[in-house]
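Fold and contact review
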Amino acid sequence: MIIVKLGGSIITEKSRYKSFNKNNTLNIVKQLKKLNSKLIIVHGGGSFGHIKSKEYNLPGPVNNKTLEGMSIVHNDMTELNLNISRIFNDNGMHNISIPPSSCIFGGNKNYDIFSKYSDMNLIPVTFGDVYMKDEKNIGIYSGDNLVYDLSRIFKPDYTVFFSDVDGIYDKNPKKYKDAKLLNSISDSFQFENIVDDVTGGIMNKYNIMKKISSLGIKSYIINGLFPERIMDIGSSEFIGTVI
Ligand code: ADP
Ligand code: IPE
């Protein structure tokens, strides 16, 4: 089993509301097919998630505005999910969509349905979603957090995070031309998110990857513009960051 996160930065254009990057997604799906492995797919929100969340003060306390926002963001996320699920299906990778807002409520999480469908050889396709943190607060559950939760349950061989950069750098490569790619991380590095991100951006991703590694599971960040790099995992040719 491999758990794969499709980052919002690669499957959407993050600064243009609801713009789906179909080609990037298709190219990744084609490589995933070649792996011939059991998969769970988690995707982020990108411009289908972060822009409206911010506009409607999410995450935040329940009120008329945030409830409206919850509905809008969830609908937009299911629209993105349908776009992605169809690409998997069109490529012979049959799947089932599982919204986290139906599995998580307050402190209660129940992911049993993932194993049931996976056992039937349907690929679960889930996503960062709005959810009820408790009865008074609406939260946003990031796709990266889901990868951790699912890794604890499924103990995958490894996890892969496709993003729009080659991996983690010593500083933001979008801003600094001299940023250096870190193949693995021992030293500290700087984070600066250019796009407003309601779930913590690369910093949250790094923290999640560290938590996954404490389960004894490796995580790889790969540039989704070069998804074939997934084939080099474990070899000296691999380009990306492993934690
Ligand atoms: P995704 O949407 O793929 O889940 P994020 O947008 O949360 O990923 O994080 C990727 C972005 O983080 C990159 O586009 C990059 O601009 C930004 N970033 C900031 N600091 C760094 C860093 N030190 N190394 C790599 N990326 C960084
Ligand atoms: C965010 O999920 C989902 C919403 C904002 C509803 P992620 O945090 O996993 O999204 P990306 O990958 O950063 O876009």
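The subject of this paragraph is the site of ligand 1. The immediate surroundings of ligand 1 are formed by 25 residues, with Ser-9, Lys-14, Ser-163, Asp-164 and Lys-205 found nearest. Asn-172 places a polar side-chain atom, nitrogen or oxygen, 3.1 Å from an oxygen atom of ligand 1. Every element with two or more residues in the shell around ligand 1 is listed here: helix H1 (8-11), strand S10 (158-163) and helix H7 (201-213). Broken down by element, the residue count for the shell around ligand 1 peaks at 3 residues, all from H7. Of the residues assigned to the shell around ligand 1, the class counts are 8 nonpolar, 9 polar and 8 charged.

So, about helix H2 (residues 22-35). Between its terminal C-alpha atoms H2 stretches 21 Å, which fits the 20 Å expected from 14 residues at 1.5 Å a residue. Along H2, the residues classified as buried are Asn-24, Thr-25, Ile-28, Val-29, Gln-31, Leu-32 and Leu-35. Seen along its axis, H2 keeps its buried residues to an arc of 165°; they face one direction. Facing away from the buried surface of H2 by more than 90 degrees, the exposed residues are Lys-22, Asn-23 and Lys-34. Lining the buried residues of H2 we find strand S1 (2-6), H1, strand S2 (39-43), helix H4 (64-90) and S10. Asn-36 lies just past H2 and shows a positive phi near 55°.

So, about the nonpolar core. In terms of nonpolar packing, the biggest core is built from 35 residues, with Leu-6, Leu-32, Ile-41 and Phe-162 touching the most fellow members. Broken down by element, the residue count for this core peaks at 7 residues, all from H4. Here Leu-6 is in contact with Ile-11, Ile-28, Ile-41, Val-42, His-43, Gly-44, Ile-84, Phe-88 and Phe-162, once residues within four sequence places are set aside.

The rules behind the values
Residues numbered from 1 in each chain as written. Chains lettered and ligands numbered in written order. Predicted model: local features only at pLDDT ≥ 70, side-chain atom pairs only at ≥ 80, totals over all residues. Heavy atoms only, no water. Near = heavy atom within 4 Å. Polar contact = N/O pair within 3.5 Å; in protein donor to acceptor, adjacent residues only side chain to side chain. Helix = DSSP H or I, 4+ residues; strand = E, 2+ residues; numbered from the N terminus. Nonpolar A, V, L, I, M, F, W, Y, C, P; charged D, E, K, R; others polar. Expected span 1.5 Å × (residues − 1). Buried < 20%, exposed > 50% of the residue type's maximum accessible area, 1.4 Å probe, protein only. Arc of directions from axis to C-beta. Contact = heavy atoms within 4.5 Å. Core = buried A, V, L, I, M, F, W, Y, C linked by side-chain atoms within 4.5 Å.

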